[in-house]
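Structure assessment
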Amino acid sequence: MRELTYIARRTVEWRETPDPRLQSDGQAIVAPVAATSCDVDSSILAGHGFIDPPFALGHECVARVVETGDAVTTVAPGDLVVVPWSINCGTCERCRAGLTAHCTAVPYMAMYGAPIGGTWGGLFSDLVRVPYADAMLVPLPAGLDPVAMASASDNWSLAWRLAAPHLKARPGARVLVVARGSIGLYVCDIARALAASDVLYVDPDPEHRTLARAFGAATAETLEPIPQGYDIAVEATGRVDQLALAIKSLTPEGMCESAGNHFRPGELPLLDMYLNGVTLRIARDNVRAHIPDALALAASGKVAPEKVVSHVIDWEDLPTALPEKHLKPVFVRADD
């Protein structure tokens, strides 16, 4: 089979590798049918990652189950499933607590799309082995478009977690979104659907701002601190200076979620945070725990994640099209 391999800045290529095989009766083999790039993939392709190439890329997809082990009970060959980005067993203490990005059954940070906690391949591959099928795979609800939901593996479900629990705890909250890619736009859509009283989306890209306005958000090209302006702030830029501006715009006891991959150091306004009582969370998402709720919201008809999909591109064009600068391209192949 082929797996798409990152080999240098803005350069990927197909490389041949043996077909994956079941190694236990609890595993599955899946074939991605709609896969997309995460916001962090854009940073990697631009040369800002911290792992040297080559490695298999991709960690967001909807796939068709091809084969399952005899002990797998939740999915069957032919099912469409969301494949979460992190590898997790579902039974260790951390997985049972919902901390699926910190599973103790596999090396720390085990994931698709980057050889951090072992080598698990990438989801821009013709076939993928899923080591814990019952724990990891989530059936795609009937009626949901695999193209619209290609990002449920990470960015869509992450955006749900960044916004939904906080809006449930603070109905009608004012939400600030400082972003550069799909995560922030998904947050705008979700915040509007969950009755945020005010959403401001900050992004220098005019096309992104146009889309955010379609989700009911006010927009700005740049941000000056708005003291005590927002109850919830979401930062997804990877820039510490932008995170600091978001923090300075919070109300007392405000909540800031940082989904930016901060590859570069910087300074935060710690005294301001202390005086204002800010809660800051910077984290990879325990995405498997949130995928069902995020899919349920998508199926409700209250949101439109398909609007964030910028391009639908043939699977065979991955090597040439993926390095191009697109907001949220989805790569599809014939689903035999």
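Here's a quick rundown of the structure.

Analysis parameters
- Residues numbered from 1 in each chain as written.
- Predicted model: local features only at pLDDT ≥ 70, side-chain atom pairs only at ≥ 80, totals over all residues.
- Heavy atoms only, no water.
- Pairing = 2+ DSSP bridges.
- Helix = DSSP H or I, 4+ residues; strand = E, 2+ residues; numbered from the N terminus.
- Buried < 20%, exposed > 50% of the residue type's maximum accessible area, 1.4 Å probe, protein only.
- Lys, Arg positive; Asp, Glu negative; His and termini not counted.
- Salt bridge = Lys/Arg side-chain N within 4 Å of Asp/Glu carboxyl O.
- Polar contact = N/O pair within 3.5 Å; in protein donor to acceptor, adjacent residues only side chain to side chain.
- Contact = heavy atoms within 4.5 Å.

The strands making up a sheet associate through hydrogen bonds between their backbones, and the pairing can be parallel or antiparallel. Spatial strand order, S2-S1-S4: three strands in an open sheet with antiparallel pairing. Pairing within the sheet leaves two strands with one partner each, and these edge strands are strand S2 (11-16) and strand S4 (55-56). One ladder, built from two bridges, connects strand S1 (residues 2-8) with S4; its direction is antiparallel. Its bridge partner being in S4, Tyr 6 is matched across the sheet by Phe 55.

Relative to the elements of secondary structure, Arg 129 occurs in strand S7 (residues 128-130). It is Glu 67 that comes nearest to the buried, bridge-free Arg 129 among opposite-charge side chains, at 11 Å. Polar contacts involving the side chain of Arg 129 include one to the side chain of Gln 27, which spans 3.2 Å. Apart from residues lying up to four places away in sequence, Arg 129 is in contact with Pro 20, Arg 21, Gln 23, Gln 27, Ala 28, Ile 29, Tyr 112 and Trp 120.

Right, let's talk about the environment of Thr 73 for a bit. Relative to the assigned elements, Thr 73 resides in the loop between strand S5 (61-68) and strand S6 (80-83). You can call Thr 73 exposed: its relative accessible area is 66%.

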